[in-house]
Amino acid sequence: MTATRIQPARGGTGLTLRQRERIAGALFVLPDLLGLSLFAFLPMLLALGIGFFTVDGFGSYRFIGIANYRRMLHDQLFLQSLRVTLAYVAALVPGLYLSGLALALLVQRRSRLSGVLRTMFFMPQMVSLVVVAIIWQVLLVDKLGIVSQGLSLFGIVNLSLLGDPRFALASLVVISVWFLMGFYMLIFLGGLQDIPRDYYEAARMDGATPVKSLFYITLPLLKPTSFFVLLVSAVAAVAGSQAFDLVYVMTKGGPANSTSFAIYYIYQQAFQYGEFGYASAMATTLVMMLMAMTLLLFALTHGGRFEHG
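Residues numbered from 1 in each chain as written. Predicted model: local features only at pLDDT ≥ 70, side-chain atom pairs only at ≥ 80, totals over all residues. Heavy atoms only, no water.

In terms of helices and strands, the protein carries 13 helices and two strands. Taking 309 residues into account, the globule formula puts the C-alpha radius of gyration at 19 Å, and the protein, at 25 Å, lies well above it. Dimensions of the protein, computed from C-alpha atoms along their principal axes, come out at roughly 95 × 65 × 35 Å. Each of the 309 residues in the protein was classed as buried or not, and the buried ones make up 38%. In the protein, of all internal contacts separated by at least 6 residues, the share reaching a separation of at least 24 is 65%. Carbon and sulfur atoms form 69% of the exposed surface of the protein, whose accessible area is close to 19000 Å². The averaged location of the 13 negative side-chain charges in the protein is 6 Å from the averaged location of its 21 positive side-chain charges. (Helix = DSSP H or I, 4+ residues; strand = E, 2+ residues; numbered from the N terminus. Rg over C-alpha atoms; globule rule 2.2 N^0.38 Å. Buried < 20%, exposed > 50% of the residue type's maximum accessible area, 1.4 Å probe, protein only. Contact = heavy atoms within 4.5 Å. Areas by Shrake-Rupley, 256 points an atom, 1.4 Å probe, with all protein chains shown as cover. Lys, Arg positive; Asp, Glu negative; His and termini not counted. Charge placed at Lys NZ, Arg CZ, Asp CG, Glu CD.)

What follows is the structure, given as structure tokens:
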């Protein structure tokens, strides 16, 4: 008795099921791939190439090699914008992580109140950033704004939160955390809901306090989610819409360049001063720095993977 080899099922096209699935998957991915290629990868390649030219905005290109990159090393305003960006990242990323996790822990239990709180915390995401910036600008107006009047009740007067270089960046960090924390709350909430309740029941039976459960169960099992939050928030801090829109509407990079982020300085060079080649070189450098920061985060956290053994 000889064994009969089973042939894979083929449709009318003569393709196997696995081949048809691969083609279907490729067709589903193709629109996104075309969109990314047209609106992301191609502009990045063009920016990389234009960085080696001087461009006047009227169709004139002159090759200058790495002169734009040498110019960056001596541009004190660009170096200042990098320092401001790093300070913003160092403040915003931990702020979003802690606030997002705290809100997720607060609303993770299903109840009528938790549903209201989730909606309330996420509501800023439903508003345009330009509108948010205008509202906060009105709230922070010197002497007349609600915030200034509230601080005066505690004896704090003549405090300019947007006009003083000591407080302007901190004010933007607070506004950014307020605007984005609802989004990261939802991400943490998804991670918390994937943790089996049995672990907490067993820990409670062993006498573990809520604090111990947080540090020995919740945080270790949230490593993949934490990695995603740190990565996305770091990218948002460097090149997110709030890093540009808030500055453009509220401070214009001032006072004394204390809120001039790198992305805003690049915009100024390109669209206010017509230095498209120089702006492209700075944008390429910023992308490279962002990639290096991402690789460093991967190395430090092992990509958010769980440790075994």
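Right, picking up where we left off after that structure.
Attention now moves to the packing of aromatic side chains. Tallying each qualifying case throughout the model produces 16 aromatic pairs. Note on Phe183 and Tyr184: the rings are 5.1 Å apart at their centroids and 80° apart in plane angle, and the pair reads as edge-to-face. Here Phe183 falls in the partly exposed class, since its relative accessible area comes to 33%. Counting every residue linked through ring pairs, the aromatic cluster contains Phe244, Tyr248, Tyr264, Tyr267, Phe271 and Phe276. A cation over a ring is seen here: Arg71 above Tyr278, with NZ or CZ 3.8 Å from the ring centre. Lying across the ring of Tyr248, Lys252 places its NZ or CZ 4.6 Å from the centre. (Phe/Tyr/Trp six-rings, centres within 6.5 Å; stacked < 30°, edge-to-face > 60°. Lys NZ or Arg CZ within 6 Å of the ring centre and 35° of its normal.)

Considering all chains together, one arrives at three salt bridges under this definition. Ionic pairing is found between Arg71 and Glu275, a salt bridge with its closest N-O pair at 3.4 Å. A residue pair is termed long-range when its members are at least 10 positions apart, and Arg71 in helix α2 (residues 67–74) and Glu275 in the loop between α12 (262–272) and α13 (276–301) qualify at 204 residues. Since its relative accessible area comes to 34%, Arg71 is described here as partly exposed. (Salt bridge = Lys/Arg side-chain N within 4 Å of Asp/Glu carboxyl O.)

Time to look at α2. All of the buried residues along α2 are Asn68, Tyr69 and Met72. Within α2, the buried residues cover an arc of 100° as seen down the axis, which keeps them to one side. The exposed residues of α2 that point more than 90 degrees off its buried face are Leu73 and His74. Residues of α2 that are buried sit in contact with α1 (17–50), β1 (53–55), α3 (76–107) and α13. (Arc of directions from axis to C-beta.)

With that out of the way, let us pick up α13. Given a rise of 1.5 Å per residue, 26 residues ought to cover 38 Å, and the 37 Å separating the end C-alpha atoms of α13 matches this to within 8%. Within the sequence span of α13, burial applies to Gly277, Tyr278, Ala279, Ser280, Ala281, Met282, Thr284, Thr285, Leu286, Leu290, Thr294 and Leu297. Residues of α13 that are buried make contact with α1, β1, α2, α3, α10 (223–239) and α12. Count one or two residues on from α13 and you reach His302, which has phi positive near 55°. (Expected span 1.5 Å × (residues − 1).)

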